[in-house]
Amino acid sequence: MSNVVDVQRLRKVYPMDADEVIALAAVDLTIESGEFIAVMGPSGSGKSTFMQIVGMLDRPTSGDYHFEGRDVASLRDDERAAIRSRRLGFVFQSYNLLSRTSALENVELPMVYAGVPEHERRRVALEMMSIVGVEQLARHGSNQMSGGQQQRVAIARALVNNPGLILADEPTGALDTKTSLDVMRLFTELNQERGITIMLVTHEADIAAFARRIVTFRDGHILSDVANEERAA
Amino acid sequence: MNLLATIRLAFNALVRNKARSLLTMLGIVIGVAAVIITVAIGVGARVSVQQRIASLGANLIIVQPGSVTQGGVRTGFGGASTLTPQDGMAIAQLPGVAAVSPIVNMRTQAVAGGNNWQTLITGVAPTYTYIKSWSLASGRFFSQSEVNSIAKVAVLGQTDVHELFPNGASPIGQTVNIKGSPFTVIGTLAARGQSGMGQDQDDVILIPYTSEMQRLTGLKTVNLLMISAAGASQIIPVQNEVTALLAARHRIVAPQPYDFQVRNLQAFAQAASSTGAVMEFLLAGVAAVSLLVGGIGIMNIMLVSVTERTREIGLRMAVGARARDILRQFLTESIVLSTLGGLLGVMVGILGTVFVALSAHWPTIIPPQWVLAAVGFSGMVGIFFGYYPAQKAAHLNPIDALRFE
Ligand SMILES: Nc1ncnc2c1ncn2[C@@H]1O[C@H](COP(=O)(O)OP(=O)(O)OP(=O)(O)O)[C@@H](O)[C@H]1O
Ligand SMILES: [Mg+2]
């Protein structure tokens, strides 16, 4: 079973006062190992909601979700936490580094909760930081780094437990064009050379152009799901 | 995550908000310091009272002439003339009695060379130093044969040594005139300082009771009989035997009142320790209230901290922290906070105690078990009051926490 993610009729409804918001109506999607998917769509179409459910940060209202063959609905909170720590990597638009904590410690964080011994944590964290090109920033705090540097540190953090899937919600949303392209080249490299499965949300076509598959959402539905023939480099 | 790392994490979080952490600890610091200081003063006072009581004599029983009041009418006049040295000798034969000494007191002038001094002349037996646990500073004490021979020998208290021999020369072998009789100084008593009632215990000259009775007072009776029981458990039995013996010797039959009183010092000791118990009860109350207030302060700050750090919690959950990791993190923080407050309180308390001891000259004792209890209890306050906020943090929904503004 090489499907990393397999969702069927996934639905998410947010109760709002008397009314309710249907963020996801009925989404079917499978992601195979080694894919690089861009998720696009207008604001409010349910992209982030989808990412959060796939990332096990939230639960769907209904529908099936299997992650690496396991039925997520049947997992206890601790088991979901264990999967987040060992099999998933998150990259957020706002970087979400811990403040007043060094870049190195930020990168180590998922390994802390995965129970990796300290010296091993240090070694792996430095290795990942050098892969994303920020090994010289190990001692810097988040307030001592540029946005692009912070996002690279966040990517290193997402990589340390050798995840089966990296979820990135508008990872370039806060970066300038040049830095955005650098970060996208990094993702491409990680996908091609390390075979890491990546799903990222973006509003920009030239960012989505890096992916091999582009899924477009509208009003909680998947509008289109196409292979990207002309990839950017 | 191991314990040490968790504690270090908690420390870092607290150091980040130094001023706030210190202010939060203040409640615990003040509470613990107050407890340490008051306990130190309370225990110090109690122990010094007990020491004073013990210094009055080992397992001491005192027989005084006179009667107890009966039916509101004081009977048996002439009490001062009912006890004799022979009564003392008879008591010495009783089982459970370690030593007996008659006591004859007289206040008069003592003269040595050109110096004179108004002092207490006390006639005693050689057993007196044992009964009072009083050692000699120099020379020797008089013997039973000197008592029998009504010898003119004297042992001086330190105040008399200084007043009668101010030049510092050894008084041993010198002569002290008491009411015209020359007494040879054979020894000096170790300094004892003030009694529990504020009397100078060193202002005394001890001579054989026979010499005092026959050469100075001319009386056949003594002021007191001091008895040392063989052990603390013997005090009550000896007291009863002495009462029966003296009643028989003085031919007193019921319902005639006794013409003597037999007393021990346990009543004093009991009174002292029961005041101590009341004091400790009050202290426990003070401690409980101040630690409660301190604990509420900690809970308050921990709740603020959980709210402030909601995004941090969300992020930690996103990268794999389980509910129990978050619970442990915040619980450790509040325990570190309160335990640190407890330790600081102990330090402040010790400093305060030293200050009280130095400035007010009060006897103080800091019992180590109270120090341990104070720190331990502060830690428990941290667990108790930190649990709710930590629980709140641990049960946040990851995505709600991450999205929190
Ligand atoms: N916690 C929430 N409570 C209520 N409604 C929500 C919540 N989160 C999202 N929604 C609603 O669900 C819908 C989908 O939101 P979502 O954040 O998934 O959109 P998106 O595609 O990520 O948009 P954007 O491109 O602006 O980030 C929106 O209508 C939004 O208002
Ligand atoms: Mg979004």
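Refer to the structure printed above.
Keep in mind that this is a model prediction, so the values were computed, not measured.

### Structural notes on the overall build of chain B
Looking only at helices and strands, one finds 13 helices and 12 strands in chain B. Scaling as 2.2 N^0.38, a compact globule of 405 residues should have a C-alpha radius of gyration of about 22 Å, whereas chain B reaches 33 Å, well beyond that. Summarising its shape, the C-alpha atoms of chain B cover approximately 105 × 60 × 35 Å along the three principal directions. Across the 405 residues in chain B, those meeting the buried criterion constitute 48%. For chain B, the share of sequence-separated contacts (at least 6 apart) that also reach a separation of at least 24 residues comes to 78%. As displayed, chain B offers around 19,100 Å² of accessible surface, 64% of which is attributable to carbon and sulfur atoms. Each charge sign in chain B was given a centre, from 26 positive and 17 negative side chains, and these centres are 5 Å apart.

### Focus on the environment of Arg215 of chain B
Residue and element names in this part refer to chain B. Mapped onto the secondary structure, Arg215 falls in helix H7 (residues 209-217). Sequence separation between Arg215 and Pro182 is 33 residues, and the spatial gap between their C-alpha atoms is 11 Å. A polar side-chain atom of Arg215 sits 2.8 Å from the main-chain carbonyl oxygen of Ile150.

### A word on helix H5 (residues 147-159) of chain A
The end-to-end C-alpha distance of H5 of chain A, which contains 13 residues, comes to 18 Å, matching closely the 18 Å that a straight helix rising 1.5 Å per residue would cover. Buried residues dominate H5 of chain A, accounting for 11 of its 13 residues. Every buried residue of H5 of chain A is listed here: Gly148, Gln150, Gln151, Arg152, Val153, Ala154, Ile155, Ala156, Arg157, Ala158 and Leu159 of chain A. The inward-facing, buried residues of H5 of chain A contact strand E6 (88-92), helix H3 (103-114), helix H4 (118-131), strand E7 (165-169) and helix H6 (177-194) of chain A together with helix H10 (310-318) of chain B.

### A few points about the environment of Glu146 of chain B
Residue and element names in this part refer to chain B. Inspection of the secondary structure puts Glu146 in helix H5 (residues 144-148). By relative accessible area, Glu146 is classed as buried at 13%. Sequence spacing of Glu146 and Ala45 is 101 residues, and the spatial spacing of their C-alpha atoms is 41 Å. Those residues in contact with Glu146 that sit more than four places away from it in its chain are Arg140, Phe141, Ala151, Val153, Ile186 and Pro208.

### Let's talk about the site of ligand 1
Around ligand 1 lies a shell of 15 residues, among which Ser43, Gly44, Lys47, Ser48 and Thr49 of chain A are the nearest. Surrounding ligand 1 is a set of residues that belongs to chains A and B. Taking Thr49 of chain A, its side chain carries an N or O atom lying 2.5 Å from an oxygen atom of ligand 1. One of the side-chain nitrogen or oxygen atoms of His203 of chain A is found 2.9 Å away from an oxygen atom of ligand 1. Look at ligand 1: alone it shows 630 Å² of surface, and the protein chains cover 69% of it. Those elements that provide at least two residues to the shell around ligand 1 are strand E1 (3-16), strand E2 (19-32) and helix H1 (47-54) of chain A. With three residues, the top contributor of residues to the shell around ligand 1 is H1 of chain A. Across the shell around ligand 1, the residue classes break down as five nonpolar, seven polar and three charged.

### Some words on the interface of chain B and chain A
The interface is formed by 22 residues belonging to chain B together with 22 residues belonging to chain A. Each partner contributes to the roughly 2,000 Å² buried at the junction of chain B and chain A, and carbon and sulfur atoms together form 55% of this total. It is Arg16, Leu315 and Val319 of chain B that lose the most area in chain B upon contact with chain A, and together they represent 28% of the buried surface on that side. Counting across the chain B and chain A interface gives one salt bridge. Here Arg324 of chain B and Asp78 of chain A are joined by a salt bridge, their closest N and O atoms 2.7 Å apart. Linking chain B with chain A are eight residue pairs in polar contact (both at pLDDT 80 or more). Counting only elements with at least two residues in the side of chain B that touches chain A, the list comes to helix H1 (3-16), H10, helix H11 (323-360) and helix H13 (398-403) of chain B.

### Thoughts on the sheet that holds strand E4 (residues 62-67) of chain A
Residues and elements named next belong to chain A. The four strands lie next to each other as E2-E1-E4-E5, forming an open sheet whose pairing is antiparallel. Pairing within the sheet leaves two strands with one partner each, and these edge strands are E2 and strand E5 (70-71). Of the pairings in the sheet, the one linking E1 to E4 comprises five bridges and is antiparallel in character. Bridge pairing in E4 links Gln8 to Asp64. Contacts from H1 reach E1, E2 and E4, with the element oriented near 120 degrees to E1.

### What about unusual backbone geometry?
Residues and elements named next belong to chain A. With phi around 60 degrees, Met56 is a residue other than glycine that occupies positive phi space. Following the sequence through the fold, Met56 ends up in the loop between H1 and E4. The phi torsion at Arg100 lies on the positive side, around 50 degrees, for a residue other than glycine. Relative to the helices and strands, Arg100 resides in the loop between E6 and H3.

### Re the side chain of Thr310 of chain B
Residues and elements named next belong to chain B. Take Thr310: it is sitting in helix H10. Polar side-chain contacts of Thr310 include one of 3.0 Å to the backbone oxygen of Val306. Leave out the neighbours within four places in its chain, and Thr310 touches Leu396, Ala401 and Phe404.

### Observations regarding helix H8 (residues 235-249) of chain B
All names here are of chain B. Across its 15 residues, H8 extends 21 Å between first and last C-alpha, which sits within 8% of the 21 Å expected from 1.5 Å per residue. The set of residues buried in H8 consists of Ile235, Val238, Gln239, Val242, Thr243, Leu246 and Ala247. End-on, the buried residues of H8 take up no more than an arc of 165 degrees, which puts them together on one face. Opposite its buried face, H8 presents the exposed residues Asn240 and Ala248, each directed more than 90 degrees away.

### A word on the packing of aromatic side chains
Inspection of the entire model under this criterion finds five aromatic pairs over all chains. Pairing Phe90 of chain A with Phe92 of chain A gives two aromatic rings, centres 5.8 Å apart and planes at 10 degrees, and the pair type is stacked. The exposure class assigned to Phe92 of chain A is buried, which follows from its relative accessible area of 12%. One residue, Arg192 of chain B, lies across the ring of Trp134 of chain B, its end atom 4.9 Å from the ring centre.

### Remarks on the pairing of strand E10 (residues 204-208) of chain B
All names here are of chain B. Among the five residues of E10, five are classified as buried, and the element is accordingly described as predominantly covered. Taken together, the five bridges between strand E5 (residues 115-124) and E10 define a ladder with parallel strand orientation. Bridge pairing links Thr122 to Leu206 in E10. The sheet contact formed by strand E7 (residues 153-156) and E10 spans two bridges and is antiparallel. Residue pairing across strands places Val155 opposite Leu206, the latter belonging to E10.

### Remarks on the sheet that holds strand E10 (residues 221-227) of chain A
Residue and element names in this part refer to chain A. Taken together, six strands build an open sheet; the order of strands is E6-E7-E8-E3-E9-E10 and the sheet is mixed. Strands at the two margins of the open sheet, each flanked by one partner only, are E6 and E10. Across this sheet, the average inter-strand angle for adjacent strands is 15 degrees, counted without regard to direction. Bridge analysis of strand E9 (residues 213-218) against E10 gives six bridges, and the strand direction is antiparallel. Directly across from Arg213, in E10, lies its bridge partner Ala227.

Calculation notes
- Residue positions are given per chain, counting from 1 as you read along its sequence in written order.
- By the order in which they are written, chains take letters starting at A while ligands take numbers starting at 1.
- It should be noted that, the model being predicted, local features are given only for residues of pLDDT at least 70 and side-chain atom pairs only at 80 or more, the latter also being counted only at that level, while totals for whole chains, interfaces and linings use all residues.
- As a rule here, side-chain values cover all heavy atoms of the structure and leave hydrogens and water aside.
- In this text, helices come from DSSP runs of H or I with a minimum length of four residues, and strands from runs of E with a minimum of two, each type numbered from the N-terminal end.
- For a compact globule the rule gives 2.2 Å times the number of residues to the power 0.38, and the radius of gyration it is set against comes from C-alpha atoms.
- Throughout this description, buried means an accessible area under 20% of the type-specific maximum (1.4 Å probe, protein chains only), exposed means over 50%, and partly exposed covers the range between.
- Here, residues are in contact when the closest pair of their heavy atoms is within 4.5 Å.
- With residues, only the protein chains shown are counted as cover, and all accessible areas are computed by Shrake-Rupley using a 1.4 Å probe.
- The convention is simple: Lys and Arg are positive, Asp and Glu are negative, and His and the chain ends are not counted.
- One atom stands in for each charge, and that atom is NZ of Lys, CZ of Arg, CG of Asp or CD of Glu.
- Throughout this description, a polar contact denotes any pair of N or O atoms lying within 3.5 Å of each other; where both atoms belong to protein, one of them has to be capable of donating a hydrogen while the other can accept it, and for residues adjacent in sequence the pair is counted only when both atoms sit in side chains.
- Expected span of a helix, by definition, is 1.5 Å for each gap between consecutive residues, and there is one gap fewer than residues.
- Near, as used in this document, describes a residue that has one of its heavy atoms within 4 Å of the molecule or strand being considered.
- As a working rule, the residues Ala, Val, Leu, Ile, Met, Phe, Trp, Tyr, Cys and Pro are called nonpolar, Asp, Glu, Lys and Arg charged, and the rest polar, with Gly in that last group.
- Note on definitions: buried area is the accessible-area loss of two parts on being combined, 1.4 Å probe, summed for both.
- We define a salt bridge as a contact between a side-chain nitrogen of Lys or Arg and a carboxyl oxygen of Asp or Glu at a distance within 4 Å.
- For two strands to pair, DSSP has to find at least two bridges joining them.
- Angles here are taken between N-to-C directions and fall from 0 to 180 degrees, while the axes themselves are lines fitted to C-alpha atoms, restricted in helices to the stretch in contact.
- In this description, one arc is meant: the one made by directions from the helix axis to the C-beta atoms.
- Only rings of Phe, Tyr and Trp enter the pairing, Trp through its six-membered ring, and a pair is recorded when the two centres are within 6.5 Å. The plane angle decides the type: under 30 degrees is stacked, over 60 is edge-to-face, the rest tilted.
- Two thresholds decide whether a charge sits over a ring: the Lys NZ or Arg CZ must be within 6 Å of the ring centre and within 35 degrees of the ring normal.

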